[in-house]
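What follows is the residue order along each chain.
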Amino acid sequence: MKTTTIVAATVGMLAVATVGYAVYFDSKRQSDPEFKRKLKKDRKRAEKLAKTEAKRLTEESTQDIEEFLASVTEEDFPASMEEREQFCMAQLSAGEELFVKGPENYSKAAICFYKALKVYPAPAELVMVFQKTIPPDVFTVVMGMLSKDVQSKEEKYYTVFPPREMNIKVEEKPDGLDVNGQKVVRRGLVATKGFTKGEVIYTETPVISSLEPSLEGKNFCHYCLKEMIKKEYMVPCTSCSVVVFCSEECRTSAGQEFHEILCTKNLKGGSAPAQALREYSKDSRNIVPGMLAKFLAKMVYDESLNSGAEYNSFDHLERLVYVEKSLGPDEEKEIELLKLALGSSIPGIDQFITEERYLIMKARILHNIYGISSGLGTSLNVKALNTRRCLKSRNQPLPESHRSVRDRPITGAGLYRATSYLMHSCEPNTKIVYSSRDHIVSLVATENIRAGDELQVGYIKNGKLSTEQRRLELFTKYRLQCSCALCEMTD
Ligand SMILES: C[S@@+](CC[C@H](N)C(=O)[O-])C[C@H]1O[C@@H](n2cnc3c(N)ncnc32)[C@H](O)[C@@H]1O
């Protein structure tokens, strides 16, 4: 194991853990500027410390660390917040009692501190406390356990995701060298069993989806994006009149996952914090900031469920490829609006949405979302076509959001965990279908597929385009230099 891996892993965890932090922390302390300053300082120092300790670790055997980690299982950790708090305190005092008994008890003490760290909502802060209060030898072991833990979580990801029942796996596709001579590795989806032409390979619900902003409040469901035929089928939000749902279930799910926070009738201090973001999305026809607001609100909800899931939505998002974006006036405005929309409901979100993190999240969303076609078709095509026009207007999001079912108008967009890994081919063997006319995606085989075959979709409508035309369209829309079999052959 390389030092840099340990360091990156630890530092990564310290940064991401601030989301959990955002959920649990007391809002009064958060609004105190002095406290905020201290937090920032603590986080920086913890990251630096992680690096130093990781360096020290490489000089020692990591075997012990692995043994200590093996002695801790997930069952050791309670589920509810109250129990976790008690558990944390109990581990901290057990650790203290052990280390004062002398070096022969250091490893046991380190295990207790590590367990406390695992349930503490602000690990960076606790690391700083440990550094000042526990013997350096114990501290090094705790940091080593933390690093190893994060590293194995990193390595395990693609062995548990996608879930077996989806009949697909993520596989690495080496793709030559980049301009700096570095090996390029892309990831794609591979079938784990055979499918016949026309068969559904998998269906997938998005991590988050959003309607094209101009359709909000019209006859499209705010949660699943489904188009409703008659007004009487619409279930309005119980508070605001801005969004509607297609069913009671969608209203409840949206309320729990994000709408309670983002409802424009959620008045904090007399005004609705999410109002400005909603207006901005509508005026700019930019779907991404609203989607990100929903995504972050939903993360908080997911965490509150304490489901025991090993990876959360952020873990999924974090692994998606993207094209770097730089900070412009739009992004500055979006950060401000996002903080305003979420700040009063999610303590700590201010620290979480740094410029750097916002740009990466936005870039990842833009690069991976799929346009959703949830419209019913014929009789309502006028509205749907308007939508298409909206997306093509001057304020359209980056072209990546056009990756969609091309023969149907786009009514919204969704971010999918597995579908994000589908590569493009000019001779695809699958296609994306929204068969239930909502945000659930189905991947359908367009030819017979064997186990082990790579699954590819067409990011563009291939039709009768020449190689040159395809290349131009792929590059203009997705900055993509296609290396599919057909293009390689034509070269
Ligand atoms: C939505 S992601 C697909 C997953 C991605 N391959 C990964 O490694 O995670 C889209 C990106 O995949 C790569 N890609 C997809 N299809 C490709 C193709 N036919 N040729 C070259 N690169 C492709 C490009 O980098 C593109 O920007």
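Everything below is about the structure printed above this text.
The following paragraphs examine the structure supplied in this document. Along each chain, numbering runs from 1 in the same order as the chain's sequence is written. In keeping with the model being predicted, local features are shown solely for residues with a pLDDT of at least 70 and side-chain atom pairs are shown and tallied solely at 80 or more, while totals for entire chains, interfaces and linings include all residues.

## Looking at the overall build of the protein chain
Here is the rule: In this text, helices come from DSSP runs of H or I with a minimum length of four residues, and strands from runs of E with a minimum of two, each type numbered from the N-terminal end. Here contacts are defined at the residue level, using C-beta atoms placed from the backbone and a cut-off of 7 Å between them.
The secondary structure content of the protein chain amounts to 19 helices and 12 strands. Restricting the contact set of the protein chain to residue pairs at least 6 apart, pairs at least 24 apart contribute 74%.

## A closer look at the environment of Y434
This is how it is decided: Working definition of burial: number of other C-beta atoms within 10 Å of the residue's own, with buried at 20 or more, exposed at 12 or fewer, and partly exposed in between, all C-beta atoms being placed from the backbone.
Here Y434 lies in the loop between β10 (430–433) and β11 (441–445). Y434 sits in the buried class, given 23 other C-beta atoms within 10 Å. Through-space distance from the C-alpha of Y434 to that of F113 is 49 Å; in sequence the pair is 321 residues apart.

## Brief notes about the sheet that holds strand β9 (residues 423–424)
How we decide: Strands pair, by our definition, only if DSSP identifies at least two bridges between them.
The strand order across the open sheet formed by four strands is β1-β2-β12-β9, and the pairing between neighbours is mixed. Where the open sheet ends on each side, the last strands, each with one partner, are β1 (168–177) and β9. Of the pairings in the sheet, the one linking β9 to strand β12 (residues 454–457) comprises two bridges and is parallel in character. Its bridge partner lying in β12, H424 is registered against V457.

## Let's talk about the pairing of β10
Because side chains alternate across β10, one face comprises the buried residues T430 and I432, and the other comprises K431 and V433, none of which is buried. In this structure, β10 lies alongside β11, joined through four bridges in antiparallel fashion. Among the inter-strand pairings, K431 is bridged to a residue of β11, identified as V444.

## Remarks on the packing of helix α10 (residues 248–262) against helix α12 (residues 288–305)
Quick note on the threshold: Convention adopted: a line fitted to C-alpha atoms gives each axis, helices being fitted over their contacting stretch, and angles between N-to-C directions are expressed from 0 to 180 degrees. Any angle between 65 and 115 degrees counts as roughly perpendicular, while under 35 counts as roughly parallel, over 145 as roughly antiparallel, and the rest as oblique. Helix crossings fall into two classes, left-handed where the near helix is turned counterclockwise from the far one by less than a right angle and right-handed where it is turned clockwise. As a working rule, the residues Ala, Val, Leu, Ile, Met, Phe, Trp, Tyr, Cys and Pro are called nonpolar, Asp, Glu, Lys and Arg charged, and the rest polar, with Gly in that last group.
At a minimum axis separation of 8 Å, α10 and α12 run at an interaxial angle of 125 degrees. In terms of axis orientation, α10 runs oblique to α12. Seen from above, α10 lies across α12 with right-handed handedness. On the side of α10, the interface is formed by Q256, E257, F258, I261 and L262, while α12 contributes A293, K294, A297, K298 and Y301. Looking at the contact of α10 with α12 residue by residue, the class counts come to six nonpolar, one polar and three charged.

## Some points on the nonpolar core
The cut-off we apply is this: By our criterion, buried Ala, Val, Leu, Ile, Met, Phe, Trp, Tyr and Cys residues that link up through C-beta atoms within 7 Å make up a nonpolar core. Just so you know, the domain bounds were taken from an automatic or database domain assignment.
If you look at the biggest cluster of nonpolar residues, it comprises 79 residues, and the most contacted ones within it are C221, L292, A293, L296, L338 and L342. Considering each element in turn, this core owes the most residues, nine residues, to α12. Each of domain 2 (164–205 + 416–490) and domain 3 (208–371) contributes no fewer than three residues to this core.

## Comments concerning the site of the ligand
Applicable threshold: The criterion for a residue being near a molecule or strand is a backbone-placed C-beta atom within 6 Å of that molecule or strand.
Around the ligand there are 15 residues in total, and R186, R187, M423, H424 and S483 lie nearest to it. Elements that contribute at least two residues to the shell around the ligand include exactly β2 (183–191) and β9. Element by element, the count of residues in the shell around the ligand is highest for β2, at three residues.

## What about helix α18 (residues 467–478)?
Applicable threshold: Each residue after the first adds 1.5 Å to the expected span of a helix.
Here α18 spans 16 Å end to end across 12 residues, near enough to the 16 Å set by a 1.5 Å rise per residue. The first or second residue beyond α18 is R479, which carries a positive phi of 55 degrees.

## Overview of the environment of C250
In this fold, C250 is placed in helix α10. Considering only alpha carbons, one finds C250 and V119, 131 residues apart in sequence, at a separation of 32 Å. Discounting residues that sit within four places of it in the chain, C250 has contacts with C221, Y223, C224 and F245.

## Observations concerning the environment of L225
Within the element layout of this structure, L225 appears in the loop between β4 (208–211) and β5 (235–236). Setting aside residues no more than four positions away along its own chain, L225 makes contact with S209, L211, F220, I372, S374, T411, G412, D438 and H439.

## Some words on the sheet that holds strand β7 (residues 370–372)
Read across the open sheet, the three strands follow the order β4-β8-β7; overall the sheet is antiparallel. Only two strands of the sheet have a single neighbouring strand rather than two, namely β4 and β7. Averaged over all neighbouring strand pairs, the angle between strand axes comes to 25 degrees, with direction disregarded.

## Things to note about helix α11 (residues 275–284)
Residues Q275, L277, R278, Y280 and S281 constitute the buried set of α11. Check the buried side of α11 and you find it contacts α12 and α14 (329–343). Remark: R285 follows α11 within two positions and exhibits a positive phi of approximately 50 degrees.

## Notes on unusual backbone geometry
Of note, the bond from F161 into P162 is cis; its omega dihedral lies within 30 degrees of zero at -5 degrees. Residue placement: P162 occurs in the loop between α9 (136–160) and β1. Unlike most non-glycine residues, N167 shows phi in positive territory, near 60 degrees. Relative to the elements of secondary structure, N167 occurs in the loop between α9 and β1. For N167, a count of 19 C-beta atoms within 10 Å gives the class partly exposed. Its identity as a non-glycine residue notwithstanding, R479 has a phi of 55 degrees, on the positive side. The exposed category is assigned to R479, around which 12 C-beta atoms lie within 10 Å.

## Brief notes about the packing of α12 against helix α16 (residues 355–368)
In contact at an axis separation of 10 Å, α12 and α16 are set at 110 degrees when each is read in the N-to-C sense. The angle between α12 and α16 falls in the class roughly perpendicular. Across the interface between the two elements, V288, M291 and L292 from α12 touch M361, K362, I365 and L366 from α16. Class assignment for the residues of the contact of α12 with α16 results in six nonpolar, no polar and one charged.

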